[in-house]
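Chain by chain, the residues:
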Amino acid sequence: MASLASLFGGMDPAAEYAALLKHVQSKDATALERALTNAKHVNVPPAGKLPLLLLAAMHDDSACCSALLRAKADVNVSDDSGATASYIAARNNSVNSLQQLISNRADLNQARKSGATPVYIAAQNNSCAALALLIKAGADLDAPKEGGFTPTCIACLKNHKDALQLLIQGNADYNRAYTIADRFTPLLLAVHLNHLEQVGTSRLHCSPARAHGFIPFSTRGSSDLLCLDMKQRLTY
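Computed from a prediction, not measured in an experiment: that's the story for all the values here.

Undergrad: Before we move on, can you summarise the overall build of the protein chain with the specific residues and values?
TA: Counting its secondary structure elements, the protein chain contains 15 helices and 0 strands. Within the protein chain, the proportion of its 236 residues that are buried is 45%. Sequence separation of 24 or more characterises 71% of the internal contacts of the protein chain that already satisfy a separation of 6 or more.

Undergrad: Before we move on, could you go through the environment of asparagine 104 and cite the residues and values that matter?
TA: Within the fold, asparagine 104 resides in the loop between helix 7 (95-103) and helix 8 (118-125). With a relative accessible area of 34%, asparagine 104 lands in the partly exposed category. Considering only alpha carbons, one finds asparagine 104 and leucine 69, 35 residues apart in sequence, at a separation of 8.0 Å. Those residues in contact with asparagine 104 that sit more than four places away from it in its chain are Leu69 and Val75. From its side chain, asparagine 104 meets the backbone oxygen of glutamine 100 in a polar contact 2.8 Å long.

Undergrad: An account of the side chain of serine 66 is requested, with residue identities and associated values reported.
TA: Its location among the elements puts serine 66 in helix 5 (residues 62-70). A polar contact of 2.5 Å, which involves the side chain of serine 66, links it to the side chain of arginine 70.

Undergrad: Any chance you could break down helix 2 (residues 13-25) for me, citing the residues and the numbers?
TA: Taking 1.5 Å of rise per residue, 13 residues should cover 18 Å, and helix 2 covers 18 Å from first to last C-alpha, within 8% of that figure. Looking at helix 2, one finds that the buried residues are Glu16, Tyr17, Leu20, Leu21, His23 and Val24. One face of helix 2 carries all of its buried residues, which in axial projection span an arc of 160 degrees. Across from the buried face of helix 2, at angles greater than 90 degrees, the exposed residues are Lys22 and Gln25. On its buried side, helix 2 packs onto helix 3 (29-36), helix 4 (52-58) and helix 5. Where helix 2 begins, the capping side chain belongs to aspartate 12, and its oxygen is found 3.1 Å from the backbone nitrogen of alanine 14.

Undergrad: Could you give an account of the nonpolar core, with specific residues and numbers?
TA: Within the largest apolar cluster, 57 residues are counted, with the highest numbers of intra-cluster contacts made by Leu32, Leu52, Leu53, Leu68, Leu101, Leu134 and Leu167. Sorting elements by how many residues they give to this core places helix 4 first, with 6 residues.

Undergrad: Describe the state of the cysteines, with residues and values.
TA: Tallied over the entire structure, the rule returns 0 disulfides. Of all cysteine sulfurs, the one in cysteine 153 lies closest to cysteine 156, which takes part in no disulfide; the gap is 7.1 Å. Cysteine 156 sits in the buried class, given a relative accessible area of 0%.

Undergrad: Help me get a handle on the pattern of salt bridges, residues and values and all.
TA: Following the criterion strictly, the structure yields 1 salt bridge and no others. The salt bridge involving arginine 70 is made with glutamate 33; its shortest N-O contact spans 2.7 Å. Note that arginine 70 is positioned in helix 5 and glutamate 33 in helix 3, a separation of 37 residues in sequence. Exposure remark for arginine 70: the relative accessible area of 48% places this residue in the partly exposed category.

Undergrad: Tell me about the confidence of the model for the protein chain, residues and numbers included.
TA: Put simply, the protein chain has an average pLDDT of 81, and 72% of its residues get 70 or more. Scored below 50 in pLDDT, residues 1-9 makes 4 contacts in the model with residues more than four places away or belonging to other chains. Across residues 203-236, where pLDDT falls below 50, the model places 49 contacts with residues more than four positions away in sequence or in other chains.

Undergrad: Explain the packing of helix 7 against helix 9 (residues 128-136) to me, using residue names and the numbers behind them.
TA: Closest axis-to-axis distance for the helix 7/helix 9 pair is 9 Å, and the angle between their directions is 15 degrees. When the interaxial angle is binned, helix 7 and helix 9 end up roughly parallel. Note that helix 7 runs across helix 9; the crossing there is right-handed. Counted together, Val95, Leu98, Gln99 and Ile102 of helix 7 and Ala129, Ala130, Leu133 and Leu134 of helix 9 form the full contact between these two elements.

Undergrad: Report on helix 8, specifying residues and quantitative values.
TA: Burial of helix 8 is extensive: 6 of the 8 residues sit out of reach of the surface. Taken together, the buried positions of helix 8 are Pro118, Val119, Tyr120, Ile121, Ala122 and Ala123. Tucked inside the fold, the buried residues of helix 8 contact helix 6 (85-92), helix 9, helix 10 (151-157) and helix 11 (161-169).

About the thresholds
Residues numbered from 1 in each chain as written. Predicted model: local features only at pLDDT ≥ 70, side-chain atom pairs only at ≥ 80, totals over all residues. Heavy atoms only, no water. Helix = DSSP H or I, 4+ residues; strand = E, 2+ residues; numbered from the N terminus. Buried < 20%, exposed > 50% of the residue type's maximum accessible area, 1.4 Å probe, protein only. Contact = heavy atoms within 4.5 Å. Polar contact = N/O pair within 3.5 Å; in protein donor to acceptor, adjacent residues only side chain to side chain. Expected span 1.5 Å × (residues − 1). Arc of directions from axis to C-beta. Core = buried A, V, L, I, M, F, W, Y, C linked by side-chain atoms within 4.5 Å. Disulfide = S-S within 2.5 Å. Salt bridge = Lys/Arg side-chain N within 4 Å of Asp/Glu carboxyl O. pLDDT = per-residue confidence, 0-100. Axes fitted to C-alpha atoms, helices over the stretch in contact; angles between N-to-C directions. Parallel < 35°, antiparallel > 145°, perpendicular 65-115°, else oblique. Left-handed = near helix turned anticlockwise from the far one by under 90°.

Shown next, in the form of structure tokens:
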């Protein structure tokens, strides 16, 4: 029996998605644009499937992203975890797609359910080209994930010096402590993990006086030792 969609001249949503998906996967923007002419469900994928815009961003296919956006794809559409195309592009360092999304006024601060933003995932993955684009576009560099963990914190934790350098140059708050456990700041994390290159990166952007007062006290009282360790290792 024919579906209601076919009886009224439309395509079944699952069949429409499959047809469009084929063109996204083959990166055939011309065929995708033709197929989108009569598409009705560009923002509503079948259950368990990713929105097409996220898939195009994942493959860093700016032409397919552009075709989908011209067909009224929601630039801020998300998957079940809350991840947007901007988040996916930042995660994969897909700079061509990310630039296309920025040009179409994507919300660069829209977070996943965990609170992770595109800036956060770019810092976590050391996706520096994407991170630089996000900074230039004015994304929030201090938006915290659950527990208050900021992009600067995760860059220090992962020992991503290049990402940290970009965040500091973009005026990220590297004195901000997260809200769980010991309330470490990014620099305290770097010292605690013996990531001395990270400490050096931070030191380049603060005066000697500021550096000496840089680390707050932790709830376990261990920061005195860490402060002493930092002073022994660095020459201000």
